[in-house]
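Each chain, letter by letter, is given below.
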Amino acid sequence: MKSSHGTGYGIYLAVFAALLVLTGATVAVSYLDLGVMNVAVALLIASLKASLVALFFMHLKFENKLVWAFALVPIFFLVLIVGGTISDTLYR
Amino acid sequence: MAETTADGAAIPLNGNGRSKGYLEEKGFWSWALTLDHKRIGVLYLLTTLLFFLVGGIFGLLIRIKLMYPGQEIFSHHVYNVIFTLHGSIMIFLFIIPAIPSGLGNFFIPLLIGARDVAFPRLNLASYWIFVAGILIMLASLLRPMDTGWTFYTPYSAKTAADVTLLSFGIFLIGMSSILTGLNFIVTIHKLRAPGMDWHRLPLFIWGMYSTSIIQVVATPVVGVTFLLLAMERLFGIGFFDPAKGGDPLLFQHFFWFYSHPVVYVMILPAMGIISEVVPVFSRKPIFGYKAIAYSSLAIAFIGFFVWGHHMFVSGMSKTASIIFSFLTFFVAVPTAVKVFNWIATLYKGSITFESPMLYALTFIFLFTFGGLTGMFLGALATNVHVHDTYFVVAHFHYTMMGGTVVGFLAGLHYWFPKMTGRMLNEKLARLGWLLTFIGFNVTFLTQFFLGYKGMPRRWAEYPAQFQDLNIVSTVGSWILGAGILIMVVNFIRGYYAGEPAPANPWKSLTLEWQAASPPSTENFEKIPVVTDWPYGYAKRKPEGNE
Amino acid sequence: MAAEGSGHAHMDPAQAYDAAKLGIWTFLATEVLLFGGLFTAYIVFRLKFPEMFRIDHAHLNRLMGATNTVVLICSSLTVALGIAAIRKGKQGLLRLYLALTILLAAVFLGIKYVEWNEKFAHGLFPDTDVFFSLYFVMTGLHGLHVLGGMLVLGGVLALAWRGKFSERYYTPVEVSGLYWHFVDLVWIYLFPLFYLIG
C-alpha cells in the first residue's frame, strides 16, 4: 500500500556524507580566484547537493511521474520569470 | 412528491415535506466550522457577492464624478481612493475568488462524483484566511489607498496611505487563493469517481484544473511582491527605489507576472461554465471536447509568457517589448478554439433561451468582442497610443465583466436550483439580464471611443470634448445597476419563495444533477460509477446512475 | 496539509496518503515561486551591481554560514532517519530523530541570530544597500520558514509522543519531512549565492 522501497539508513548516511564533502568542496573553491568560474562552480555544486536532497531525502527517485511533474513544473516557471525579467533589465 | 436519490433511496424530509439537504443543520457554528465543501462554497459566494455590490457602488460613484468635470462632488484625492477601491475590491474580493472558491467549491466534488474535496479542513481554513485578509484590508481604509489597484512604486512606497496593512491583507487573500487551488488540484487527481477518466471530466473541471495551476504558480509571486512593498515602507529596503539603486520596473515585472495570469484565473472558470451550459440548452454534444479541454491548459500555460504587455510604455527594454508583444498574440489561438467550438455546438442545436443560456450567449458575444480589442493592446504600435486611456478600461470591462461576471451569472442561474432546491423566476431573470446587457454595453462601448480619442484613465477631470460620451456612459451605469439589482432581488426571492426545484430541471447529463436539489451533506447516496462522457445529448436521456 | 485519519472519512488510507503527498509537493511548488521572486531580484541586482556584491559579501561570516549549512544538512538527515525508523515501526527512534531535528533547527536560528547581530553591530542593516537588503530579506524569509518548520515538527513530535504513528500510518511525518528538506534546499542555494560568490 505504501511505497515501501526499503530505503534504509545506509543510503541516507551515504548521501549525508556526500553532502558534507560537497559543502567542504564548495567552501574550499570559494577561496580560489577563478573569476567567472567561481559562480559556475558554486552553482553547480549547489545543484548537485540539491539533487541529492531531492532524489534521496525527498524520495523523488522512487516517485511516480505525477510527483516528478509537480516537482519540475515550478522550476520551469522560475526560469521563465528570471528570463523574462532580465530580458528587460539586461537590454535597457 | 417524495425526493429520492439516484438509486431510489428516499431523502429524509423536513417538516414542510421538502428536503433541505446540506442546508438542514442550523446555527452559527454549523456554518463557521463546517467541513462541507458546499457550505464553504456558499460562504464564499455570499462574501464575494457582497463585495461585488460594494465594488459596484464605487463604480457608480466613479461614473457620477465623471459625468460633470469641474464639479466638486468630491475631491481628486477621494476620487483616487474610489477608483483604487473599486479596482482592488472587484479584483481581489470578488472576481478572483467568486467562481473558483464559490461555485468551484460547491460543484467540483459533485461534478467528479466525490463526497468532498481532498482537504476539507484546509478548505475551511482557506475561507477564514480570506476573511482575515479582508478585515486587514478594511482596517487599512483608515488611511485609504490612492495608488490605483496596481500599487506601482515609487508612489505606493511613499504615499501616506496604509499600504503596509493593505499589503498584508492582500498577502493573506492570496494565501487563501493558493490553498484553494492546491486543494482542487489534488481533488481532481485523486477523488474522481470510478470510471471518470480525464476524458470524461466535465469541461468546467478542465477549466478549474487549469485555473488552479495558475493560482498555485502565480500567486506566490505577487505575495512576495507585496511583502517586499511592505518591507520597503517598514525597513527602507530599496529594491524598487531608484534612489537606493532599485528599479521600479522590478515591481511591475513581479506584479504583472501574477496579474496577467490572474486574468486567466478569472476567465477560465467562466469559460468552463459556458462549456457546461451551451450543450445543455442546445441539446447537443459539445463540439470538440478535447480541443476545449486542452485549450484551457494552453491558455493557462501561454498566459504566463505575456506579462510585459502591460509595461510597453514603462521604460522596459525594446527587446523585451518586442518579445512580449509577439508572444501575446498566441494566447488568442486557444481562446478562439473555444469560441469556435461553442458556436459549432450551437449550430443545428435545439436551442432554448432560459436565463442561463441568455447569459452564456451573452458571454460568447461580449467576451469575443473584448478579446478582439486585446489585439490593439497587444500590438506594440497601437498600444503606445491607447495605453492608460479608456480604451484599456473598456477592454478589460468587456473581458472581465462581459466575460467573467456574465459567465458567473450564467453559472448562478444554471446552478441556483441545485444549490437552493428552488427555481428562479424566469421573467424577472430575463428582465434583469436585459437591463444588465443594455446597461453594460451603453456604459462600456462608449469608453472604447473615449479611449482612442485620447481620454486618459484615472483622471478626475478631462477636456470638455469628452463630456457627451461620459454622460452616456454614466447613464448606462445606472441601467446596469438596475439590472443587477433586479437580479439580486430575484435571487433573494427565489431562495425564500421560489418554486421547488426537481433534481434535474435542465435535463443535464453531468453528475451534480444526480444528487438531490439541494444535495445532502454526503452528496451522493452511493458514489456513481461513470460509463460515458457527460455530453451525449440526443443520444441518451439523463436518467439513472451515469 | 498534515493529513490525519479524521476529516478524511471520504478517502481510503492509500488515497489519503497519495493525496497528502501531492498536496505537499503542490505547496512546495508555491514556495519555489515565492523564493523565486527573490532569486530573480538577486540576479537582477547582481548583474547591475557586481562591485557592490563583491565588496559586501566579504562582510559575511563564511564560517558561520558553512556551519549553518552543515547544521541544516544534519537536520535533513535526522528527519529522513526518523521516517526510515517509523517505516519499521520504531516509535522511540522517531521521537528521538524528530527532537534532534528541532534541536538542530534551533541551533541554525541561534547562529543566524548571532550573525545578524554581528552585522548590526558593524552598522550593516537592511537599508544599507541593495546587497544587504537582499541578504536580510532572503535569509529572514528563510529563517521564518525554519521557525515555521520547527513549529510543524513540534506538532508532529507531540503526535508521535502520543503514539499516533506506526509502520502503517506516518503521513504527517513524511509530509513535514518533505517541507523540511525543502527548507534545507533553499539554504543550499542561499549559502553560496551570498557567502561564497565574489
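Nothing here was measured: the structure is a model prediction, and the numbers come from that model. (Residues numbered from 1 in each chain as written. Chains lettered and ligands numbered in written order. Predicted model: local features only at pLDDT ≥ 70, side-chain atom pairs only at ≥ 80, totals over all residues. Heavy atoms only, no water.)

**Some points on the overall build of chain A**
Here is step 1 of the chain: Looking only at helices and strands, chain A features 3 helices and 0 strands.
Here is step 2 of the chain: Taken from N to C terminus, the helices and strands of chain A fall in the order α-α-α.
Here is step 3 of the chain: In terms of C-alpha radius of gyration, chain A reaches 17 Å, well past the compact-globule figure of 12 Å for 92 residues.
Here is step 4 of the chain: Once the C-alpha set of chain A is aligned to its principal axes, its extents read approximately 55 × 35 × 10 Å.
Here is step 5 of the chain: Considering only contacts within chain A whose residues lie at least 6 apart along the sequence, 58% involve residues at least 24 apart. (Helix = DSSP H or I, 4+ residues; strand = E, 2+ residues; numbered from the N terminus. Rg over C-alpha atoms; globule rule 2.2 N^0.38 Å. Contact = heavy atoms within 4.5 Å.)

**Notes on the overall build of chain B**
Here is step 1 of the chain: Within chain B one finds 17 helices and 0 strands.
Here is step 2 of the chain: Rg of the C-alpha trace for chain B: 23 Å, near the compact-globule value of 24 Å for 546 residues, within the 12% margin.
Here is step 3 of the chain: For the C-alpha atoms alone, the extent of chain B along its principal axes is close to 70 × 50 × 45 Å.
Here is step 4 of the chain: Put simply, chain B has 546 residues, and 63% of those count as buried.
Here is step 5 of the chain: If the 35 positive side-chain charges of chain B are averaged to one point and the 26 negative ones to another, these points end up 4 Å apart. (Buried < 20%, exposed > 50% of the residue type's maximum accessible area, 1.4 Å probe, protein only. Lys, Arg positive; Asp, Glu negative; His and termini not counted. Charge placed at Lys NZ, Arg CZ, Asp CG, Glu CD.)

**Section: the packing of aromatic side chains**
How two aromatic rings sit relative to each other is set out by the distance from centre to centre and by the angle between their planes.
Residues and elements named next belong to chain B.
Here is step 1 of the chain: Here the structure, examined in full by the defined rule, presents 76 aromatic pairs over all chains.
Here is step 2 of the chain: With 5.9 Å between their ring centres and 15 degrees between their planes, Phe251 and Phe255 make a pair best called stacked. Residue Phe251 and its partner Phe255 are located together in helix α8 (residues 248–259), separated by 4 residues, close to a single helical turn. In this structure, Phe251 and Phe255 share a single accessibility class: buried. (Phe/Tyr/Trp six-rings, centres within 6.5 Å; stacked < 30°, edge-to-face > 60°.)

**A short note on the interface of chain B and chain C**
Here is step 1 of the chain: With 36 residues of chain B at the interface, the matching set in chain C holds 34 residues.
Here is step 2 of the chain: Here chain B packs against chain C, burying approximately 2,800 Å² in sum over the two surfaces, 78% of which is carbon and sulfur.
Here is step 3 of the chain: Contact with chain C buries area across many residues of chain B, yet B:Arg121, B:Lys190 and B:Phe239 alone supply 21% of it, more than any other trio.
Here is step 4 of the chain: The interface formed by chain B and chain C includes 1 salt bridge.
Here is step 5 of the chain: The salt bridge partner of B:Lys190 is C:Asp18, with a shortest N-O separation of 3.3 Å. (Buried area = accessible area lost by both parts, 1.4 Å probe. Salt bridge = Lys/Arg side-chain N within 4 Å of Asp/Glu carboxyl O.)

**A closer look at helix α10 (residues 289–302) of chain B**
Residue and element names in this part refer to chain B.
Here is step 1 of the chain: Along its 14 residues, α10 runs 20 Å from first to last C-alpha, staying within 8% of the 20 Å computed at 1.5 Å per residue.
Here is step 2 of the chain: Within α10 the residues assigned to the buried category are Tyr289, Ile292, Ala293, Ser295, Ser296, Ile299, Ala300 and Ile302.
Here is step 3 of the chain: On its buried face, α10 is in contact with α7 (203–235), α9 (261–282), α11 (318–328) and α12 (332–346). (Expected span 1.5 Å × (residues − 1).)

**Things to note about the interface of chain A and chain C**
Here is step 1 of the chain: The interface is formed by 43 residues belonging to chain A together with 48 residues belonging to chain C.
Here is step 2 of the chain: A combined buried area of about 4,100 Å² lies between chain A and chain C, and 78% of that area is made up of carbon and sulfur atoms.
Here is step 3 of the chain: By residue number, the principal contributor to the side of chain A that touches chain C is helix α3 (residues 65–89) of chain A, which donates 12 residues.
Here is step 4 of the chain: Each residue belonging to the side of chain A that touches chain C can be placed in one class, and the counts come to 29 nonpolar, 11 polar and 3 charged. (Nonpolar A, V, L, I, M, F, W, Y, C, P; charged D, E, K, R; others polar.)

**Describing the nonpolar core**
Here is step 1 of the chain: By size, the foremost hydrophobic cluster in this structure holds 285 residues, and its most contacted members are B:Leu103, B:Phe363, B:Trp415, C:Trp25, C:Leu134 and C:Phe194.
Here is step 2 of the chain: Per element, the largest residue contribution to this core is 22 residues, and it comes from helix α3 (residues 76–112) of chain B.
Here is step 3 of the chain: Shared between two domains, this core takes at least three residues from each, and those domains are domain 1 (7–58) and domain 2 (64–92) of chain A. (Core = buried A, V, L, I, M, F, W, Y, C linked by side-chain atoms within 4.5 Å. Domains from an automatic or database assignment.)

**Section: the side chain of C:Ser133**
Here is step 1 of the chain: Its place among the elements puts C:Ser133 in helix α5 (residues 130–161).
Here is step 2 of the chain: Given the relative accessible area of 1%, C:Ser133 is considered buried.
Here is step 3 of the chain: Not counting chain neighbours up to four residues away, the residues in contact with C:Ser133 comprise B:Ile237, B:Gly238, B:Phe239, C:Pro126 and C:Asp127.

**A short note on the packing of α8(B) against helix α1 (residues 13–48) of chain C**
Here is step 1 of the chain: The contact between α8(B) and α1(C) brings their axes to 11 Å, and the two run at 155 degrees. Judged by the inter-axis angle, α8(B) sits roughly antiparallel to α1(C). Here α8(B) and α1(C) pass one another in a crossing that is right-handed. Contacts from B:Leu250, B:Phe254 and B:Phe257 of α8(B) reach α1(C) at C:Leu33, C:Gly37, C:Thr40, C:Ala41, C:Val44 and C:Phe45. (Axes fitted to C-alpha atoms, helices over the stretch in contact; angles between N-to-C directions. Parallel < 35°, antiparallel > 145°, perpendicular 65-115°, else oblique. Left-handed = near helix turned anticlockwise from the far one by under 90°.)

**What to know about the environment of A:Ser87**
Here is step 1 of the chain: Structurally, A:Ser87 is set in helix α3.
Here is step 2 of the chain: Assessed through its relative accessible area of 13%, A:Ser87 is described here as buried.
Here is step 3 of the chain: The residues contacting A:Ser87, other than those within four sequence positions of it, are B:Ser317, B:Thr319, B:Ala320 and B:Phe324.
Here is step 4 of the chain: One polar contact links the side chain of A:Ser87 to the main-chain carbonyl oxygen of A:Gly84, over a distance of 2.8 Å. (Polar contact = N/O pair within 3.5 Å; in protein donor to acceptor, adjacent residues only side chain to side chain.)

**Brief notes about the domain arrangement of chain A**
Here is step 1 of the chain: Each assigned domain of chain A is listed here: domain 1 (7–58) and domain 2 (64–92).
Here is step 2 of the chain: Inter-centroid distance (C-alpha atoms) of domain 1 of chain A to domain 2 of chain A is 22 Å.

**Brief notes about the packing of α9(B) against helix α15 (residues 390–420) of chain B**
Residue and element names in this part refer to chain B.
Here is step 1 of the chain: Where α9 contacts α15, the two axes come as close as 8 Å, and the packing angle between them is 50 degrees. In terms of orientation, α9 lies oblique with respect to α15. α15 is crossed by α9, and the crossing has left-handed handedness. Of the residues in α15, those touching α9 at Met266, Ile267, Ala270, Ile273, Ile274, Glu276, Val277, Val280 and Phe281 are Thr399, Met400, Gly403, Thr404, Gly407, Phe408, Ala410, Gly411, Tyr414 and Trp415.

**Considering unusual backbone geometry**
Residues and elements named next belong to chain B.
Here is step 1 of the chain: Here the amide bond leading from Thr153 into Pro154 is cis, since omega sits at -5 degrees, within 30 degrees of zero.
Here is step 2 of the chain: Residue position: Pro154 is located in the loop between α4 (120–139) and α5 (155–158).
Here is step 3 of the chain: Residues Ser517 and Pro518 are joined by a peptide bond in cis, for which omega reads -10 degrees.
Here is step 4 of the chain: Along the chain, Pro518 turns up in the segment after α17 (467–497).
Here is step 5 of the chain: Of note in this structure, Asp388 is not a glycine but carries a positive phi near 60 degrees.
Here is step 6 of the chain: Topologically, Asp388 is positioned in the loop between α14 (380–386) and α15.
Here is step 7 of the chain: One non-glycine residue, Arg458, lies in positive phi territory at about 65 degrees.
Here is step 8 of the chain: Position of Arg458 relative to the elements: it lies in the loop between α16 (426–452) and α17.
Here is step 9 of the chain: Given the relative accessible area of 25%, Arg458 is considered partly exposed.

**Describing the pattern of salt bridges**
Here is step 1 of the chain: In the structure shown here, the tally under the stated rule is 16 salt bridges over all chains.
Here is step 2 of the chain: Across the pair B:Lys65 and B:Glu461 runs a salt bridge whose closest N-O atoms are separated by 3.7 Å. Of this pair, B:Lys65 sits in helix α2 (residues 37–67) while B:Glu461 is found in the loop between α16 and α17, placing the two residues 396 residues apart along the sequence.
Here is step 3 of the chain: Here B:Lys65 falls in the buried class, since its relative accessible area comes to 0%.
Here is step 4 of the chain: The class of B:Glu461 is partly exposed, set by a relative accessible area of 25%.
Here is step 5 of the chain: Residues joined by salt bridges that share partners form a network here, namely A:Glu63, C:Lys21, C:Arg87 and C:Glu174.

**Observations regarding the side chain of B:Gln215**
Here is step 1 of the chain: Structurally, B:Gln215 can be placed in helix α7.
Here is step 2 of the chain: When neighbours within four sequence positions are excluded, B:Gln215 is seen to be in contact with B:Pro100, B:Ser177, B:Ile178, B:Gly181, B:Pro220 and B:Val265.

**Digging into the confidence of the model for chain B**
All names here are of chain B.
Here is step 1 of the chain: Of the residues in chain B, 95% reach a pLDDT of 70 or more, and the chain-wide mean stands at 94.
Here is step 2 of the chain: Here residues 5–10 scores under 50 on pLDDT; set against residues more than four positions off or in separate chains, the count is 11 contacts.
Here is step 3 of the chain: Scoring the predicted complex yields pTM 0.94 and, for the interface, ipTM 0.93. (pLDDT = per-residue confidence, 0-100.)

**Here we look at a nonpolar patch on the surface**
Residue and element names in this part refer to chain C.
Here is step 1 of the chain: Together, Leu93, Leu96, Leu100, Leu103 and Val107 give the surface a local cluster of nonpolar side chains, amounting to about 390 Å² of exposed area.
Here is step 2 of the chain: Position of Leu100 relative to the elements: it lies in helix α4 (residues 91–121).
Here is step 3 of the chain: Residue class for Leu100 comes out partly exposed when judged on its relative accessible area of 33%. (Patch = residues over 30% accessible without salt bridge, like charges linked within 9 Å, V, L, I, M, F, W, Y side chains within 5 Å. Areas by Shrake-Rupley, 256 points an atom, 1.4 Å probe, with all protein chains shown as cover.)

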